[in-house]
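Listed below, chain by chain, are the residues.
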Amino acid sequence: ICSEWWNSSSSHGTGPLHAMNPVRVSFVRQQLAERHDRLHLKPLQQIKGLSILDVGCGGGLLSEALARLGANMTSIDPSEENIAVARAHSNMSESTKGINYRVDRIENIAQTTEKFDAVCALEV
């Protein structure tokens, strides 16, 4: 699957993730805007500056989309291959190259003092 993460017509399961990503991103953005009293802002400004943890980020589909909306992303996955694919892809764009990709597990993050405005765990 690693080599197929950014292939929107993939037959290995990532194709449908590409298809539903706009709906997922819209839902996450709207929910965060409501939670953080940002509904009065334009949609493209609603999550700007929020610190978001993406658990089980895979190849970074959600992480990149939220980063393009201005979120400060920390994205973790236990798979070194997934993180390598995600980093390589995000480094191709100025708006996504700041994503903090890490090979890690949520259990480890929970033991730290790190804080986030939101945690996403989709398709985990």
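Worth saying up front: this structure is predicted, and the values here are computed from it rather than measured.

**Quick look at the layout of surface pockets**
Part 1 of the reasoning: Looking at the largest pocket, its volume works out to about 170 Å³.
Part 2 of the reasoning: Put simply, the parts of the chain that give the lining of the largest pocket at least two residues each are helix H1 (14-35) and helix H2 (61-68).
Part 3 of the reasoning: Residues of the lining of the largest pocket, tallied by class, amount to 7 nonpolar, 5 polar and 4 charged.

**Here's the deal with the sheet that holds strand S3 (residues 100-103)**
Part 1 of the reasoning: What the 4 strands build is an open sheet, ordered S3-S2-S1-S4; its pairing is parallel. Looking at which strands have only one partner, the edges of the open sheet turn out to be S3 and strand S4 (118-120). Strand-to-strand twist in this sheet, taken as the mean axis angle between neighbours without regard to direction, amounts to 20 degrees.
Part 2 of the reasoning: Relative to the sheet, H2 contacts strand S1 (51-55), strand S2 (72-77), S3 and S4, its axis offset from that of S2 by approximately 175 degrees.

**Focus on the nonpolar core**
Part 1 of the reasoning: With 20 residues, the main nonpolar core has Leu-32, Ile-47, Ile-52, Leu-66 and Met-73 as its most contacted residues.
Part 2 of the reasoning: Elements with a minimum of two residues in this core: H1, H2, helix H3 (80-90) and S4.
Part 3 of the reasoning: Among the elements that make up this core, the one with the highest residue count is H2 (4 residues).
Part 4 of the reasoning: Sequence-distant contacts of Leu-66, that is, excluding residues within four places in its chain, are made with Val-25, Val-28, Ile-47, Ile-52, Ala-71, Met-73 and Cys-120.

**Description of H1**
Note that an α-helix has 3.6 residues per turn; residues three or four places apart therefore point the same way.
Part 1 of the reasoning: For H1, built from 22 residues, the straight-helix expectation of 32 Å at 1.5 Å per residue is met to within 8% by its first-to-last C-alpha distance of 29 Å.
Part 2 of the reasoning: At Met-20, H1 is bent by approximately 50 degrees, the largest bend along its length, and proline Pro-22 sits one to four residues beyond.
Part 3 of the reasoning: Residues of H1 that are buried: Thr-14, Gly-15, Leu-17, His-18, Asn-21, Arg-24, Val-25, Val-28, Arg-29, Leu-32 and Ala-33.
Part 4 of the reasoning: Count one or two residues on from H1 and you reach Asp-37, which has phi positive near 50 degrees.

**Quick word on unusual backbone geometry**
Part 1 of the reasoning: Residue Asp-37 is not a glycine yet carries a positive backbone phi of 50 degrees.
Part 2 of the reasoning: Residue placement: Asp-37 occurs in the loop between H1 and S1.
Part 3 of the reasoning: Asp-37 sits in the exposed class, given a relative accessible area of 64%.

**What about the pairing of S1?**
Part 1 of the reasoning: Where burial is concerned, most of S1 is hidden: 4 out of the 5 residues are buried.
Part 2 of the reasoning: Pairing analysis gives 5 bridges linking S1 to S2, with the strands arranged parallel. The residue bridging Leu-53 from the neighbouring strand is Thr-74, located in S2.
Part 3 of the reasoning: Read as a crossover between parallel neighbours, the route from S1 over H2 to S2 is right-handed.
Part 4 of the reasoning: The pairing of S1 with S4 spans 3 bridges and is classified as parallel. Counterpart to Leu-53 in the pairing with S4 is Val-119.

**What to know about the side chain of Asp-54**
Part 1 of the reasoning: In this structure, Asp-54 sits in strand S1.
Part 2 of the reasoning: Although Asp-54 is buried, it forms no salt bridge, and the closest oppositely charged side chain is Arg-24 at an N-O distance of 6.8 Å.

About the cut-offs
Residues numbered from 1 in each chain as written. Predicted model: local features only at pLDDT ≥ 70, side-chain atom pairs only at ≥ 80, totals over all residues. Heavy atoms only, no water. 1 Å grid on protein atoms, 1.4 Å probe; cavity = no way out; pocket = protein on both sides within 12 Å on 5 of 7 lines; lining within 4 Å. Points joined across faces, edges and corners; volume = space filled by probe spheres on them. Helix = DSSP H or I, 4+ residues; strand = E, 2+ residues; numbered from the N terminus. Nonpolar A, V, L, I, M, F, W, Y, C, P; charged D, E, K, R; others polar. Pairing = 2+ DSSP bridges. Axes fitted to C-alpha atoms, helices over the stretch in contact; angles between N-to-C directions. Contact = heavy atoms within 4.5 Å. Core = buried A, V, L, I, M, F, W, Y, C linked by side-chain atoms within 4.5 Å. Buried < 20%, exposed > 50% of the residue type's maximum accessible area, 1.4 Å probe, protein only. Expected span 1.5 Å × (residues − 1). Bend = angle between axes of the 7 residues up to and from the residue. Right-handed = clockwise from strand over helix to strand, strands pointing away. Lys, Arg positive; Asp, Glu negative; His and termini not counted. Salt bridge = Lys/Arg side-chain N within 4 Å of Asp/Glu carboxyl O.

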